[in-house]
Structures are given as C-alpha cells and as structure tokens.
Amino acid sequence: DAGVIQSPRHEVTEMGQEVTLRCKPISGHDYLFWYRQTMMRGLELLIYFNNNVPIDDSGMPEDRFSAKMPNASFSTLKIQPSEPRDSAVYFCASRPIREAAFFGQGTRLTVV
Amino acid sequence: SQQGEEDPQALSIQEGENATMNCSYKTSINNLQWYRQNSGRGLVHLILIRSNEREKHSGRLRVTLDTSKKSSSLLITASRAADTASYFCATVLNSGNTPLVFGKGTRLSVIA
C-alpha cells in the first residue's frame, strides 16, 4: 500500500474561495482522522470517521468546515468560504481499531 | 479527555547523549503510542505499547509504561542529529473507538 495519500500538497487561495482537501486512507483501515496543525494551536483533531460514518465533529471550528467520507477509500475536507485564519497544515490519518495511525504528508493551505 | 501530555516541552542535548521524554494521561487505556514529526511533515508512528506491557524496545528506542501512575516514557539512546524532531504520545481506550488526540509534544534538538 502507498500509505495515506493527500492532495493537493500545497494550496494557495484567496479569501472567500472554496477549498477542498482530499484524502485516500490505507485500505482496510477502520478509522479516518482529519487534523489541523498550526504553531499557535498545535495539532488539533477536527473530525473522525469509523467505517465511513462521522463519529465526532466537535473539533470542526465553524460551519464553514465540512467533511465527508462517501466510501472507504476517499474523504474530503471542505472550507467554504475560506479565511486567512484557516491557513495551516491539514493532515489526514487512518488506522485499524486499537492500532497505530498512519499519517499523510499533509496539505499546506495558505489563504491570502 | 484521553489526550496525552508530553514533557518537557523542549529538550536540547549533545549528539551521543540519551534523551528521555515523558507522557501522562488520565484514563484507563488499551494502548499508548509514540510518534515523531519532522518539521513540516506528517507524524510517523514509532512504538505502540499495550496496557499489559511494561517495556518495549525498537532499535535505539525504549518505551516504558506505568499504568498505576498513568505515565509513559520514551528513551532515545545514543542520540543523533537526525533524531531532531517533535515527539508526541497518544492513547487509545479499551473500546478502541476513540480518536488519537495529541498534546503539544516534546521538541527535541540534538546538537552535533
């Protein structure tokens, strides 16, 4: 398996635009996580899914953020409209139940 | 919260010395995991130690777990400049149906 794959690796967008981040988890993993990392706030859990079902989205900062997992091999995190304070590195991770997680390389988002 | 809390926040040592980082948590767990993050990259899993284990080794890494004190330590022996990174711990509860929530990590600097 190629590991957790995120796209794009870098995204620069203007304030107000819609941003969609994509993640392909490792096949067979039960859980998928979206994290956001900034210098100020560290690594924050945004939302996680179990078998494609969202379990806890309490970390999603605002209604501008939404995440979907239409099938076991794909998830998206969408920000609409984007704001400069959304600039961060966004990580996707997946893992089997009670096992270690594997992280993607992240998407560095810059909103100008 | 099942978040692990690492200390110290920062550690600076000379190459060849040993580095010890600690993690504390609050609830009963199924396992505890240590991760490393190099600047700008995703977290990489290092070691998973289960609640019925007291010590685990992987190369130059040694992890201990004290469930009575709800604490763990990560020892890196004979450190190298390449070990410079941030180190995080995270716990998984017995139900398994929990996310990995990370603390602020320990920033390790190994000086050549």
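In this text the structure is predicted, and so the values were computed from the model without any measurement.

Novice: Just give me the short version of the state of the cysteines, but keep the residues and values in it.
Specialist: Applying the stated criterion across every chain yields a total of two disulfides over all chains. Put simply, A:Cys23 and A:Cys92 are joined by a disulfide, and their sulfur atoms are 1.9 Å apart. On the sign convention where negative means left-handed, the S-S torsion of about -65° between A:Cys23 and A:Cys92 marks this disulfide as left-handed. Separated by 69 residues along the polypeptide, A:Cys23 in strand β3 (residues 19-24) and A:Cys92 in strand β9 (residues 88-95) bring together distant segments of the chain. Per residue, the accessibility class of A:Cys23 equals that of A:Cys92, and both read buried. Here B:Cys23 is linked by a disulfide to B:Cys89, with a sulfur-sulfur distance of 2.0 Å. Sign of the S-S torsion, about 75° for the bond between B:Cys23 and B:Cys89, identifies this disulfide as right-handed.

Novice: Any details on the layout of surface pockets? Residues and values, ideally.
Specialist: In this structure, the largest pocket occupies an estimated 620 Å³ of space. A:Gln37, A:Thr38, A:Met39, B:Gln37 and B:Ser86 are the residues nearest the centre of the largest pocket, which is lined by 25 residues in total. Secondary structure elements with two or more residues in the lining of the largest pocket: β4 (31-38), β5 (42-50) and β9 of chain A together with β9 (85-92) and β10 (106-111) of chain B. Tallying contributions element by element places β9(A) first for the lining of the largest pocket, with three residues. Residue classes in the lining of the largest pocket are distributed as eight nonpolar, twelve polar and five charged. For the second largest pocket, the full set of lining residues is A:Ala101, A:Phe102, A:Phe103, A:Gln105, B:Asn38, B:Arg41, B:Gly42, B:Leu43, B:Val44 and B:His45. Among the secondary structure elements, those contributing two or more residues to the lining of the second largest pocket are β10 (102-103) of chain A together with β5 (44-50) of chain B. Broken down by class, the residue content of the lining of the second largest pocket amounts to five nonpolar, four polar and one charged.

Novice: I'd like a description of the pairing of strand β3 (residues 19-24) of chain B, backed by residues and values.
Specialist: Residue and element names in this part refer to chain B. Alternating residues of β3 divide into Ala-19, Met-21 and Cys-23, all buried, and Thr-20, Asn-22 and Ser-24, none buried. For strand β1 (residues 5-7) and β3, the ladder comprises three bridges, and the chain directions are antiparallel. Note that in β3 the partner of Asp-7 across the bridge is Asn-22. Pairing of β3 with strand β8 (residues 71-76) involves six bridges; the strand directions are antiparallel.

Each value, and the rule that gives it
- Residues numbered from 1 in each chain as written.
- Chains lettered and ligands numbered in written order.
- Predicted model: local features only at pLDDT ≥ 70, side-chain atom pairs only at ≥ 80, totals over all residues.
- Heavy atoms only, no water.
- Disulfide = S-S within 2.5 Å.
- Helix = DSSP H or I, 4+ residues; strand = E, 2+ residues; numbered from the N terminus.
- Buried < 20%, exposed > 50% of the residue type's maximum accessible area, 1.4 Å probe, protein only.
- 1 Å grid on protein atoms, 1.4 Å probe; cavity = no way out; pocket = protein on both sides within 12 Å on 5 of 7 lines; lining within 4 Å.
- Points joined across faces, edges and corners; volume = space filled by probe spheres on them.
- Nonpolar A, V, L, I, M, F, W, Y, C, P; charged D, E, K, R; others polar.
- Pairing = 2+ DSSP bridges.

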